Amino acid sequence: MSEAALKEKPQHAGFLKNNLREYGMMISLFAIMIFFEVVTDGTLLRPLNLTNLVLQNSYIVIMALGMLLVIVTGHIDLSVGSVAGFVGAVAAVLMVKFNVHYIPATLICLVLGGAIGAAQGYWVAYFKIPSFIVTLAGMLVFKGLALAILAGQSVGPFPPTFQKLSSGFIPEMVPDAGALYPTSLAIGAVLALAMVWLNFRGRARQEAHHIETEPYGFFLGKNLLLFSVILYFAYLIASHRGLPNVLVIMVALIALYAFLTTRTTIGRQIYAVGGNEKAAKLSGIKTERLTFLTFVNMGVLAALAGLVFAARLNTATPKAGLGFELDVIAACFIGGASAYGGVGKVGGAVIGALIMGVMNNGMSILGIGIDYQQVIKGLVLLGAVCLDVYNQRRA
Amino acid sequence: MNALLEMQGISKNFTGVKALSDVRFTVRPGEIHALVGENGAGKSTLMKVLSGVYPHGSYDGAIVFDGEERRFRDITDSEAVGIIIIHQELALIPLMSIAENIFIANPPGRFGIIDRGTVQRRTRELLAKVGLDESPDTLVTNIGVGKQQLVEIAKALSKKVRLLILDEPTASLSEKDSAALLDLLLEFKAQGIASILISHKLNEVSKVADRITVLRDGRTVDTMDCHDGAVEEDRIIAKMVDRDLEHRYPKREPKSPGTGSGEPIFKVSNWSAYHPQHADRQVIKNLDFEVRRGEIVGIAGLMGAGRTEFAMSIFGRAWGQKISGRAEIEGREADLSTVRRAIDAGLAYVTEDRKHLGLLLAEDIRKNVTLANLPAIAPARVIDDVEELRVAADYRARMRIRCHSVFQETGKLSGGNQQKVVLSKWLFTDPKVLILDEPTRGIDVGAKYEIYCIINELADAGKGVVVISSEMPELIGICDRICVMNEGSFVGEFAGGEATQEKIMRAIMRKGETRPKELLA
């Protein structure tokens, strides 16, 4: 018994060391949040502000999910901002000028995004044209097209039902509940429980098969923290107006992409393409098709983000989407993705996007000008990547 | 005579593999010193230590050059004292001119502005020295390999050379170009420049060398002085090999009685393929080839004979264009048009370059093992991680992969263990026919033996095994039958028992009109 215990210990130490990087990101996010919570005298985590924070960053998170896959295959997509803007413009023209019902209009827009992704991915995957060039061209083309179909004007407002995509909240089931929204709180509690349950089930499976696990105390603490944090945020959200619709979409997408990247064959193959394209190809993986599909996927998500953004502003402007690609790409790299491909996690990209979002929001509350906000964000991006490279070299 | 260079007790380890141990090596001023040994004996490693590619501190032992101990941090340090190395793979930039290539590192000029006149004049001088009649403005891509080799030497001469190291300089040269190059070495010798010549071609070595040092398994075996009477090639070879073939290879008793009676499991006929860039160059010339159940067939040949190209053109057309021919597996025509289809048809190809073409180096053993057959562990495309782990652990045990756990990154394993991971990956696809391209390249002797045992087991299990190897003793030691390839055609075939290195080399050379005397014994 004691012998077994002796053997266990160094394993745990090794586990913590190996996974410090992942926890490190989470810790950085918390540190940044606590920092801004303190210096803004508690404004950051006020229910209203927190809800706004979610709404403001939803489209970045949505696009980061697609960008992560593109970056993992070893490519980049510079066109996502323009594509989002263009799709928002198309949505506005369809719904406002041609009075198309919002459901078919939304579907048309998503398909259009996929088609744009396919058009770009085709050159990258099958013609081996560097993605940097193809999507730089796409960036110019779709920025121009957005301007053209809006004729340089803002078009709006959208039908109220479509606005709900961004500014709506889930319906409250309990009537006359007062200041708190019980349905949202309950959903938060269920989510928290589900995550903890998944963690415990995963650990049980790992132990059953003698896989290295983290120390039990650490594991318990981690889950307790996770549970309380989710519950606390659910409480904060519930005390404003409940869960925003877009947050529901976002969480569902995050869960879907986390599952896709870690548990499915297609996810595994995407990482293989980025890790060593030639070896992947010689292992029977259709590398071109996968690359193509990641761009199609990126196009659809950019379109969705464009719709969310347009719905939020309640108008499509020629300037919509400007510079989004930078925030999205930065989110992925802050989140630990490698510019050489093959490395990166969904969780990392989401945390990266949240770090950027919290910093934007916090600095705006503090009244820091847009000029220095950019300087600070740039330095954070460089710092995060340098730290990552440094850690990897040491390992 | 004082030595120009003395390498004392050099030892070097790569993760788990001893590449050099206690090597002693000296070069006298103005001599041509040949360094010979089998593939993987440590010649290139020793030269990388000498030139600072492996910096001081990454090896044990001392380097004394010109009477002083040297601690090179990188290649610029060694070049500064006059040690210039010309690698086997030429380091020229194809789309730059000869002159630009020669003066790439420090072009003559002032304030960073290149003095074109001086570049032209000095390039002409250097080209005259090496006997190359080309304009300095010719692009390197437009001249042949032999001339490129001369440009490399001219580049070396543009620096202050005291010791020139040539790693297999004549490997890809024609007879005539090789002779010219060796004459050049003799000329340098007359000017007092010492050379280290690494070569497999013992006839060349005995023609020009003053002394010959033999390396074997990372140790110095002997240094022979050619002036004490001629050194016979047989003697060199005996020192290079020295292991009796009996114990280097596991005993092989083909299950099918005799080699002629097993049914063909894999057959290609009239197979041809063209170069991917040069559509009019036929590299694989209408080959017929077959493997029987339970048989190990070797394909011998020199570098560039077309062996890898043949294998890869079969394996899902992974190499070449305009590929034609008929392939049969177990008597039925097989569709090998894509890699996926080739795998599904029961073919597996273990590449010669496991780092670049075989492994995901940043991923763990587990993910590498299952990569080529994910459906087997992923019902409905969702990976069953427990099953995946079981598969990986199973192969780890069966192949005796030495690692902490199956979660270890493959990039951190030794060459032999990496190769076992690649083999596991292909065995997991349950192939009928395996093509192994240089399966023991860069692997230490112990691991080689294990790989041979695995190959044997595969054949005994009724698979067809094709082994492509540049090491002739290896083919002779493990194969039931050896086909010899040269310039994209099969030029000879021997039963395993009757093949010798000499017979194989003779088959290769018959076309090149070289006299048998110049072959390996």
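Residues numbered from 1 in each chain as written. Chains lettered and ligands numbered in written order. Predicted model: local features only at pLDDT ≥ 70, side-chain atom pairs only at ≥ 80, totals over all residues.

When you look at the overall build of chain A in this model, what are you seeing that I'm missing?
For chain A, the count of helices and strands is 15 helices and zero strands. On C-alpha atoms alone, chain A measures out to a radius of gyration of 22 Å, which is about the 21 Å that the 2.2 N^0.38 rule sets for 395 residues. Each principal axis of the C-alpha distribution contributes one length, and for chain A these read about 75 × 60 × 40 Å. Looking at chain A as a whole, 41% of its 395 residues qualify as buried. Contacts spanning at least 24 positions in sequence make up 80% of the contacts within chain A whose residues lie at least 6 apart. (Helix = DSSP H or I, 4+ residues; strand = E, 2+ residues; numbered from the N terminus. Rg over C-alpha atoms; globule rule 2.2 N^0.38 Å. Buried ≥ 20, exposed ≤ 12 C-beta atoms within 10 Å, placed from the backbone. Contact = placed C-beta atoms within 7 Å.)

Please explain the interface of chain A and chain B as it appears in this structure.
Many structure descriptions define interface size as the accessible area lost when the parts assemble. Counting residues at the interface gives 21 residues for chain A, matched by 25 residues for chain B. Looking at the side of chain A that touches chain B, the elements with two or more residues in it are α10 (265–275) and α11 (277–282) of chain A. Counting residues per element, the side of chain A that touches chain B draws most heavily on α10(A), which supplies five residues.

Sorry, what's going on with helix α14 (residues 346–366) of chain A here?
Residues that lie three or four places apart on an α-helix share one face, since the helix turns once every 3.6 residues. The end-to-end C-alpha separation of α14(A) is 30 Å, in line with the 30 Å expected for 21 residues at 1.5 Å each. A positive backbone phi angle near 80 degrees is found at A:Gly367, which sits one or two residues after α14(A). (Expected span 1.5 Å × (residues − 1).)

Please clarify how the sheet that holds strand β16 (residues 321–329) of chain B should be interpreted in this entry.
To summarise the sheet geometry, strands pair through backbone hydrogen bonds and adopt either a parallel or an antiparallel arrangement. All names here are of chain B. An order of β14-β13-β16-β17 is seen for the four strands of this open sheet, with the pairing classed as antiparallel. Each of the sheet's edge strands pairs with one partner strand only, and the pair in question is β14 (282–292) and β17 (332–333). Across seven bridges, the pairing between strand β13 (residues 264–274) and β14 is antiparallel. For tyrosine 274, the partnering residue across the bridge sits in β14 and is glutamine 282. Those strands touched by helix α10 (residues 307–314) are β13, β14 and β16, and its axis lies near 70 degrees from that of β14. (Pairing = 2+ DSSP bridges. Axes fitted to C-alpha atoms, helices over the stretch in contact; angles between N-to-C directions.)

I'm lost on unusual backbone geometry in this one. Help?
What you tend to see is this: most non-glycine residues have negative phi, and most peptide bonds are trans. Residues A:Gly156 and A:Pro157 are joined by a peptide bond in cis, for which omega reads -10 degrees. In this structure, A:Pro157 sits in the loop between α5 (131–150) and α6 (160–167). You will see that A:Asn314, though not glycine, has its phi angle at about 65 degrees, which is positive. Tracing the chain through its elements places A:Asn314 in the loop between α12 (287–313) and α13 (324–334). Of note, B:Arg381 is a non-glycine position whose phi angle comes to about 65 degrees, a positive value. Take B:Arg381: it is sitting in the loop between α13 (365–370) and α14 (385–398).

Mind showing me how you'd approach the sheet that holds strand β19 (residues 433–437) of chain B here?
All names here are of chain B. Read across the open sheet, the six strands follow the order β18-β19-β20-β15-β21-β22; overall the sheet is mixed. Both outer strands of the open sheet, β18 (347–350) and β22 (489–495), are each paired with one neighbouring strand and no more. Pairs of neighbouring strands in the sheet enclose a mean axial angle of 20 degrees, with direction left out of account. As paired strands, strand β21 (residues 481–486) and β22 are joined by six bridges and run antiparallel to one another. In the sheet register, cysteine 483 faces β22, and the bridge partner there is glutamate 493.

I tried to follow helix α4 (residues 116–129) of chain B on my own but got confused; where do I start?
All names here are of chain B. Between its terminal C-alpha atoms α4 stretches 20 Å, which fits the 20 Å expected from 14 residues at 1.5 Å a residue. Inspection of α4 places Val119, Arg122, Thr123, Leu126 and Leu127 among the buried residues, and these make up the whole buried set. Along the long axis of α4, the arc covered by the buried residues comes to 140 degrees, so they all point the same way. Exposed and facing more than 90 degrees away from the buried side of α4 are Gly117, Glu125 and Ala128. Looking at the buried side of α4, the elements it contacts are α3 (98–102), β8 (113–114) and α5 (145–157). (Arc of directions from axis to C-beta.)

Before we go on, may I ask you to explain the nonpolar core in this structure?
Soluble, globular proteins show a tendency: their nonpolar side chains are buried together. Membership of the largest hydrophobic core comes to 176 residues, with the highest contact counts inside it found for A:Met63, A:Ala64, A:Met67, A:Leu68, A:Val87, A:Cys332 and B:Ile455. Of all the elements, α12(A) adds the most residues to this core, at 16 residues. Split by domain, the residues of this core number at least three in each of domain 2 (264–346 + 431–521) and domain 3 (354–430) of chain B. Counting 64 residues, the second largest nonpolar core, distinct from the first, contains B:Val27, B:Phe103, B:Ala154 and B:Ala209. (Core = buried A, V, L, I, M, F, W, Y, C linked by C-beta atoms within 7 Å. Domains from an automatic or database assignment.)

When you look at the packing of helix α2 (residues 47–72) of chain A against α13(A) in this model, what are you seeing that I'm missing?
Helix-helix packing is characterised by the crossing angle of the two axes and by the distance between the axes. Residues and elements named next belong to chain A. Where α2 meets α13, the axes come as close as 8 Å, and the angle between the chain directions of the two elements is 65 degrees. In this structure, the crossing between α2 and α13 has a hand that is right-handed. For the pair α2 and α13, contact is made by Ile60, Met63, Ala64, Met67, Leu68 and Ile71 and by Phe324, Asp327, Val328, Ile329, Ala331 and Cys332, respectively. (Left-handed = near helix turned anticlockwise from the far one by under 90°.)

Sorry if this is basic, but what is going on with the environment of B:Val268 here?
All names here are of chain B. By secondary structure assignment, the location of valine 268 is in strand β13. When the C-alpha positions of valine 268 and valine 119 are compared, they lie 54 Å apart, and in sequence the two are 149 residues distant. Ignoring anything within four residues of it in the chain, the contact list for valine 268 reads Leu287, Asp288, Phe289, Ile314, Gly325, Arg326 and Ala327.

Even after reading the chapter, I still don't get the domain arrangement of chain B, so can you show me in this structure?
Residue and element names in this part refer to chain B. Taken domain by domain, chain B comprises domain 1 (5–246), domain 2 (264–346 + 431–521) and domain 3 (354–430). Spacing between the C-alpha centres of domain 2 and domain 3 amounts to 25 Å. Counting residues at the interface gives 11 residues for domain 2, matched by 10 residues for domain 3. With four residues, the top contributor of residues to the side of domain 2 that touches domain 3 is helix α16 (residues 445–460).

Where do I start with the packing of α6(A) against α12(A) in this structure?
Residues and elements named next belong to chain A. Following both chains from N to C, one finds α6 and α12 inclined at 110 degrees, their axes separated by 7 Å at the closest point. As far as their axial angle goes, α12 and α6 are roughly perpendicular. Two secondary-structure elements touch here, α6 through Phe162, Gln163, Leu165, Ser166 and Ser167 and α12 through Leu307, Val308, Ala311 and Arg312. Here the contact of α6 with α12 is composed, by residue class, of five nonpolar, three polar and one charged. (Parallel < 35°, antiparallel > 145°, perpendicular 65-115°, else oblique. Nonpolar A, V, L, I, M, F, W, Y, C, P; charged D, E, K, R; others polar.)

Explain the environment of B:Leu164 to me, please; I cannot follow it from the model alone.
Residue and element names in this part refer to chain B. Looking at the element boundaries, leucine 164 is found in strand β9 (residues 163–167). A residue is classified by how many C-beta atoms lie within 10 Å of it, and leucine 164, with 23 of them, is buried. Filtering out sequence-adjacent residues up to four positions away, leucine 164 remains in contact with Ile84, Ala156, Phe188, Ile193 and Ser195.

Even after reading the chapter, I still don't get the pairing of β16(B), so can you show me in this structure?
The side chains of a regular strand alternate, first on one face of the sheet and then on the other. Residues and elements named next belong to chain B. Pairing of β13 with β16, which is carried by six bridges, proceeds in the antiparallel orientation. Bridging from a neighbouring strand, serine 269 pairs with arginine 326 of β16. Bridge analysis of β16 against β17 gives two bridges, and the strand direction is antiparallel. The partner of glutamate 328 across the bridge, within β17, is glutamate 333. Counted along the chain from β16 to the antiparallel partner β17, the turn is two residues long, and its residue glutamate 330 has a positive phi close to 50 degrees.

What exactly am I supposed to notice about the confidence of the model for chain B here?
Low pLDDT marks regions whose predicted coordinates should not be analysed in detail. All names here are of chain B. With 93% of its residues at a pLDDT of 70 or more, chain B shows a mean pLDDT of 86. Taken together, the stretch residues 512–521 has pLDDT below 50 and engages in 16 contacts with residues farther than four places along the chain or on a different chain. Note on the complex model: pTM 0.81, ipTM 0.85. (pLDDT = per-residue confidence, 0-100.)

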